[in-house]
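Geometric and topological summary
Here is how the chains run, residue by residue.
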Protein chains: 2
Amino acid sequence: MKLTKTSEYALRILSFMARKPEELYPARHLVEQLKISDKYLRRLMTDLSKAGFIRSIKGREGGYVFAKNISEIHLSQIIDAVEGMEKYMGCVLGFGECSDDNPCVMHESWLPMREKLMNVLNNKTLADFNYNKINKY
Amino acid sequence: MKLTKTSEYALRILSFMARKPEELYPARHLVEQLKISDKYLRRLMTDLSKAGFIRSIKGREGGYVFAKNISEIHLSQIIDAVEGMEKYMGCVLGFGECSDDNPCVMHESWLPMREKLMNVLNNKTLADFNYNKINKY
DNA sequence: ATTAAATGCTACAAGATTGTGGCATAAAAT
DNA sequence: ATTTTATGCCACAATCTTGTAGCATTTAAT
Ligand code: SF4
Ligand code: SF4
């Protein structure tokens with residue numbers, strides 16, 4: 001099970017920020033903590049801003065803050081913003097169609113699993129994560 | 001949820017062959033049916049042969065046949081043979097460690113889902129697929 | 001005003017994945 | 001023996017993903 005690195009990064013960044021959702025995070029800070037290259041991180045931040053999850057504050061004392069409540073940011077939306085969710089929707093075997101009418105040989109084994117995944121991605125938000133435990137980054 | 005195309009192809013090929021597991025399949029035939037480019041398919045077939053799933057018969061009237069019972073070929077083994085299973089084992093956030101001792105913020109949401117996937121891949125074999133339904137390739 | 005510290009953007013570089021071309025090798029049919 | 005129809009292999013090409021470099025822009029502090 002794999003997301004692309006780009007999605008990994010996006011989740012890493014936002015879930016990190018979500019631990020203290022009010023705070024302002026300069027890119028420099030995120031880069032240090034999360035070990036993502038400066039330029040690439042900032043490119044992603046731009047995408048995440050455009051998607052409306054965060055707002056960027058330019059100039060000195062600038063950085064990024066959440067632009068909406070973290071309980072309104074679904075994982076699937078995050079992935080969609082940085083690389084498009086379509087990729088993950090399609091068929092495991094690379095055929096487009098997936099229905100009970102026209103099932104592929106993997107249908108019965110695979111479909112329930114995929115549903116489960118889609119449920120997590122569609123229903124879980126940044127607020128659903130467990131902030132109590134100590135997380136080492 | 002996405003496997004690489006390479007894994008997609010491998011599953012596509014073997015699950016197709018598994019519908020008539022005794023038959024001999026020349027590459028040409030597979031290429032026509034499964035819409036994978038000739039050269040790339042044959043490269044994959046070589047990997048699958050080396051992994052011992054199939055056996056190749058060279059020369060005229062040649063092709064590929066299963067070298068072991070399809071109930072002994074697990075999905076995770078197939079993926080492992082063509083691109084390595086490790087990629088799919090790691091952390092969604094791209095950190096290495098995954099344990100209850102050192103959970104990341106996604107631990108509780110993500111882990112159960114991942115377990116479920118690994119169960120499918122590790123336990124299901126080519127023989128577990130549903131051959132009764134009509135499958136359009 | 002000038003400087004310092006931040007983000008934004010665009011174009012390019014490096015790497016990984018996927019696809020192709022060409023030729024060698026093997027076996028059956030003739 | 002020769003031809004035909006297969007697979008095997010290697011090196012290269014195209015494409016996609018990821019990372020970098022450089023400069024423009026914005027804002028606050030001085
Ligand atoms: S269940 Fe079968 S048809 Fe549906 S997406 Fe999965 S592989 Fe494709
Ligand atoms: S549960 Fe958390 S620590 Fe474990 S693999 Fe997933 S993201 Fe990584």
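All residue numbers refer to position in the chain's written sequence, counted from 1. To label them, take the chains in the order written and letter them from A, then take the ligands in the order written and number them from 1. Reporting in this predicted model follows two pLDDT cut-offs: at least 70 for local features of residues, and 80 or more for side-chain atom pairs to be given and counted; totals over whole chains, interfaces and linings ignore these cut-offs and use all residues. Neither water nor hydrogens contribute to the side-chain values; these are computed over all heavy atoms in the structure.

What follows is about the packing of helix H6 (residues 107-123) of chain A against helix H6 (residues 107-123) of chain B. Closest axis-to-axis distance for the H6 of chain A/H6 of chain B pair is 10 Å, and the angle between their directions is 170 degrees. Considering the angle they form, H6 of chain A stands roughly antiparallel to H6 of chain B. Remark: the crossing between H6 of chain A and H6 of chain B carries left-handed chirality. Facing Ser109, Trp110, Met113, Lys116, Leu117, Val120 and Leu121 of chain A of H6 of chain A, the residues of H6 of chain B in contact are Ser109, Trp110, Met113, Lys116, Leu117, Val120 and Leu121 of chain B. Residues are sorted three ways: Asp, Glu, Lys and Arg are charged, Ala, Val, Leu, Ile, Met, Phe, Trp, Tyr, Cys and Pro are nonpolar, and all the rest, Gly among them, are polar. Taken together, the residues of the contact of H6 of chain A with H6 of chain B break down into 10 nonpolar, two polar and two charged. Whenever a helix is involved, its axis is fitted only over the stretch in contact; in every case the axis is a line through C-alpha atoms, and angles between N-to-C directions fall within 0 to 180 degrees. Numbering of helices and strands runs from the N terminus; a helix is a DSSP stretch of H or I covering at least four residues, while a strand is a stretch of E covering at least two. Any angle from 65 to 115 degrees is called roughly perpendicular, while one under 35 is roughly parallel, one over 145 is roughly antiparallel, and all others are oblique. When the near helix sits turned anticlockwise from the far one by under a right angle, the crossing is termed left-handed; a clockwise turn instead gives a right-handed crossing. Should any heavy atoms of two residues lie within 4.5 Å, those residues are considered in contact.

Residues and elements named next belong to chain A. With respect to the element layout, leucine 44 can be found in helix H3 (residues 38-50). Residues leucine 44 and valine 82, 38 residues apart in the sequence, show an inter-C-alpha distance of 6.9 Å. Ignoring sequence-local partners within four residues, the contact set of leucine 44 consists of Thr6, Tyr9, Ala10, Ile13 and Val82.

Another point: the protein's contact with DNA strand C. Here a residue is considered near a molecule or strand provided that any single heavy atom belonging to it is located within 4 Å of it. Surveying the vicinity of DNA strand C reveals 26 residues, the closest of which are Ala27 and Ser56 of chain A together with Thr6, Ser37 and Lys39 of chain B. Of what DNA strand C places within 4 Å of the protein, 57% of the atoms are sugar or phosphate. Polar contact is defined as a pair of N or O atoms within 3.5 Å, subject to the rule that within protein one atom must be able to donate a hydrogen and the other to accept it, and that residues adjacent in sequence are counted only when both atoms are side-chain atoms. In this structure, a phosphate oxygen belonging to DNA strand C sits 3.0 Å away from a main-chain N or O atom of lysine 5 of chain B. Contact distances for DNA strand C include 3.1 Å between a phosphate oxygen and a side-chain N or O atom of tyrosine 9 of chain B. Among the secondary structure elements, those contributing two or more residues to the surface near DNA strand C are helix H2 (27-34), H3, strand E1 (54-57) and strand E2 (63-66) of chain A together with helix H1 (5-17) and helix H3 (38-50) of chain B. Here the residues of the surface near DNA strand C sort into six nonpolar, eight polar and 12 charged.

What follows is about the side chain of glutamate 83 of chain B. Along the polypeptide, glutamate 83 of chain B turns up in helix H4 (residues 75-83). Among the polar contacts made by the side chain of glutamate 83 of chain B, one reaches the side chain of tyrosine 88 of chain B at a distance of 2.6 Å.

Residues and elements named next belong to chain B. With four bridges joining them, strand E1 (residues 54-57) and strand E2 (residues 63-66) adopt antiparallel strand pairing. Within the sheet, the bridge partner assigned to isoleucine 54 lies in E2 and is phenylalanine 66. Taking the residues between adjacent antiparallel strands as the criterion, E1 and E2 are bridged by five residues, where glycine 59 takes a positive phi near 80 degrees. Pairing between strands is defined by DSSP: at least two bridges between the two strands are required.

The subject of this paragraph is the confidence of the model for chain A. All names here are of chain A. Averaged over every residue, the pLDDT of chain A is 84; the share at 70 or more is 82%. For chain A, per-element mean pLDDT is lowest for H6, which scores 81, and highest for E2, which scores 96. Residue-level confidence of the predictor, termed pLDDT, takes values from 0 up to 100. In this model, residues 131-137 is a region of pLDDT below 50 whose contacts with residues beyond four sequence positions or in other chains number 22 contacts.

Let us now look at the nonpolar core. A general trend in soluble globular proteins is that nonpolar side chains are found buried together. Residues Met17 and Ile78 of chain A are the most contacted members of the largest nonpolar core, which totals 40 residues. Within the residue set of this core, elements represented by two or more residues are helix H1 (5-17), H2, H3, E2, helix H4 (75-83) and H6 of chain A together with H6 of chain B. In terms of residues, this core owes the most to one element, H1 of chain A, which gives seven residues. Setting aside residues up to four positions removed in sequence, isoleucine 78 of chain A forms contacts with Ala10, Leu11, Leu14, Leu48, Phe53, Ile73 and Leu126 of chain A. Among the nonpolar cores identified, the runner-up in size contains 38 residues, and Tyr25, Leu41, Leu48 and Met118 of chain B belong to it. Put simply, buried Ala, Val, Leu, Ile, Met, Phe, Trp, Tyr and Cys residues joined by side-chain atoms within 4.5 Å make one nonpolar core. We call a residue buried when its accessible area falls under 20% of the maximum for its residue type, exposed when it is over 50%, and partly exposed in between, using a 1.4 Å probe and counting protein chains only.

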